[in-house]
Amino acid sequence: MSAEAIVVAAAPGRVNLMGDHTDHTGGLVLPMACDLRTVVEGRAGGDVVRLRTTWPGQAAEAVVPLRPSELVGLEPPWSRLVAAVVAEVQPDRGFEGTVTSDLPIGAGLSSSAALANAVALALGFAGSPLELAQLSRRAEQAATGVPCGIMDQLASAAGSAGHALRIDCTSLAVEPVALPEGLDVLVVHSGVERSLDATPYAALVADLTAAEVVVGPLREAAPDALAALTHDGQRRRARHVVTENGRVDALVAALRAEDREAISEVLAASHASLRDDLGVTVPEVDQLVADLSSQPGVLGARCTGAGFGGCVVALADAGTALPEGRRAWRLRPSDGATCAGGARPSWPGTPRR
Ligand code: GLA
């Protein structure tokens, strides 16, 4: 071990309150960074990046060369994302350390975006939060082949305590939106685990791309324009995106006005659209949303993240009990990624020009 100072890089997961499957067509999203996070701690040195983890169910160690040439065959699987980040950051020295996390994997809370952001910072990345998110998104796409949008990485990089983030995925403008004091964000696991690269995510993105060939950017499309789409599946998926973009601003307005009825309505409409138009929910998630929505104190609930299983998010009166017998969290909107120690000033520093 070298005499380098210890580096501690931490990056949160995210809960998406509104705007799912809108980021990859440049739409609107409303995620919040949460108080579950991944921490990479260690020292620069040596000629490989060697990380050990205690993450449940994952092989304990990833060892990645400084100039990884092939990601696909790397084992264990999580080392592919580490390698993709190493390829992006191109550190001139290795790193040896640990990865710890309280984020569940495959639950729709962006454990992989948190890992990518934390590894990039630990390896010395020193750009802006947006540049960090762009780097981590490229790494995720390279490691998994999934054409993901930028929501997860940007929410994790740019989070703001007490706030959700309204992100315009075309301009990449990030606007903090205060969450009312009296509301809790509850996240409940459906019990159905999934990994993004084993879902029809890419097929869904392809449907939306095909729809945009006919009607132009969905971000700008009026609902009426979608009648030009003759393929039923593409039309319904496009309708989800167009209406979901509208629901992001509807929820922003409802949160600002603390309008409980409007919050309930927009959450219910979003879940119905994810289920009926987009087709990304599963029966366990639909049932959980129905159960939570009828619980006293819960204003509304919806599937959150990519879908196909994973978690449900509910907005509820402060202090509402978490459901028993399930993995469930009361999550606070939190600050984004941080990094301290090592040979450079704490991150986030001055954005690189
Ligand atoms: C995954 C992707 C994101 C986004 C969500 C769905 O989390 O990584 O880019 O598309 O699914 O909203």
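Look up a bit, the structure's there.
A short tour of the structure in this document, coming up. Note that the structure is a prediction, hence the values are computed from the model and not measured.

Focus: the overall build of the protein
Here is step 1: Scanning the protein from N- to C-terminus turns up 8 helices and 12 strands.
Here is step 2: Computed over the C-alpha atoms, the radius of gyration of the protein is 20 Å, within 12% of the 20 Å expected from 2.2 N^0.38 for a compact globule of 353 residues.
Here is step 3: Seen through its C-alpha atoms, the protein measures out along the principal axes to roughly 60 × 45 × 40 Å.
Here is step 4: Sequence separation of at least 24 residues holds for 71% of the intrachain contacts in the protein that already meet a minimum separation of 6.
Here is step 5: Carbon and sulfur atoms make up 52% of the accessible area of the protein, which totals about 14000 Å².

Re the environment of Thr209
Here is step 1: Considering the arrangement of structural elements, one finds Thr209 in helix 5 (residues 201–215).
Here is step 2: Look at Thr209 and you get partly exposed, because its relative accessible area is 43%.
Here is step 3: Taking the C-alpha atoms as reference, Thr209 lies 9.3 Å from Ala238; in sequence the two are 29 residues apart.

Considerations on the site of the ligand
Here is step 1: Residues in close proximity to the ligand total 13 residues, the closest being Asp20, His21, Asp23, Asp152 and Tyr201.
Here is step 2: Within the contact set of the ligand, an oxygen atom lies 2.5 Å away from a side-chain nitrogen or oxygen of Asp23.
Here is step 3: Residue Gly149 places a main-chain N or O atom 2.9 Å away from an oxygen atom belonging to the ligand.
Here is step 4: When the ligand sits alone it has 310 Å² of accessible area, and the protein chains cover 97% of it.
Here is step 5: Most atoms of the ligand, that is more than half of them, are within 2 Å of grid points of the largest pocket.
Here is step 6: Of the residues belonging to the shell around the ligand, the class tally is 5 nonpolar, 4 polar and 4 charged.

Thoughts on the pairing of strand 10 (residues 311–317)
Here is step 1: With 6 of 7 residues buried, strand 10 lies mostly within the body of the structure.
Here is step 2: Bridge count between strand 8 (residues 183–189) and strand 10: 7 bridges; the pairing is antiparallel. Within strand 10, the residue paired with Val187 across the bridge is Val313.
Here is step 3: Where strand 9 (residues 298–303) meets strand 10, 5 bridges bridge the pair, whose relative direction is antiparallel. By the bridge assignment, Cys303 is partnered in strand 10 with Val312.

Quick notes on the sheet that holds strand 10
Here is step 1: Taking strand neighbours across the sheet as the criterion, the 4 strands line up as 9-10-8-11 in an open arrangement whose pairing is antiparallel. This sheet does not close on itself; its edge strands, each paired only once, are strand 9 and strand 11 (328–331). Here the strands of the sheet are splayed against their neighbours by 20° on average, with no regard to which way each runs.
Here is step 2: The strands touched by helix 8 (residues 283–293) within the sheet are strand 8, strand 9 and strand 10, with strand 9 carrying the most contacts at an inclination of about 170°.

What counts and what doesn't
- Residues numbered from 1 in each chain as written.
- Predicted model: local features only at pLDDT ≥ 70, side-chain atom pairs only at ≥ 80, totals over all residues.
- Heavy atoms only, no water.
- Helix = DSSP H or I, 4+ residues; strand = E, 2+ residues; numbered from the N terminus.
- Rg over C-alpha atoms; globule rule 2.2 N^0.38 Å.
- Contact = heavy atoms within 4.5 Å.
- Areas by Shrake-Rupley, 256 points an atom, 1.4 Å probe, with all protein chains shown as cover.
- Buried < 20%, exposed > 50% of the residue type's maximum accessible area, 1.4 Å probe, protein only.
- Near = heavy atom within 4 Å.
- Polar contact = N/O pair within 3.5 Å; in protein donor to acceptor, adjacent residues only side chain to side chain.
- 1 Å grid on protein atoms, 1.4 Å probe; cavity = no way out; pocket = protein on both sides within 12 Å on 5 of 7 lines; lining within 4 Å.
- Sits in = over half its atoms within 2 Å of the grid points.
- Nonpolar A, V, L, I, M, F, W, Y, C, P; charged D, E, K, R; others polar.
- Pairing = 2+ DSSP bridges.
- Axes fitted to C-alpha atoms, helices over the stretch in contact; angles between N-to-C directions.

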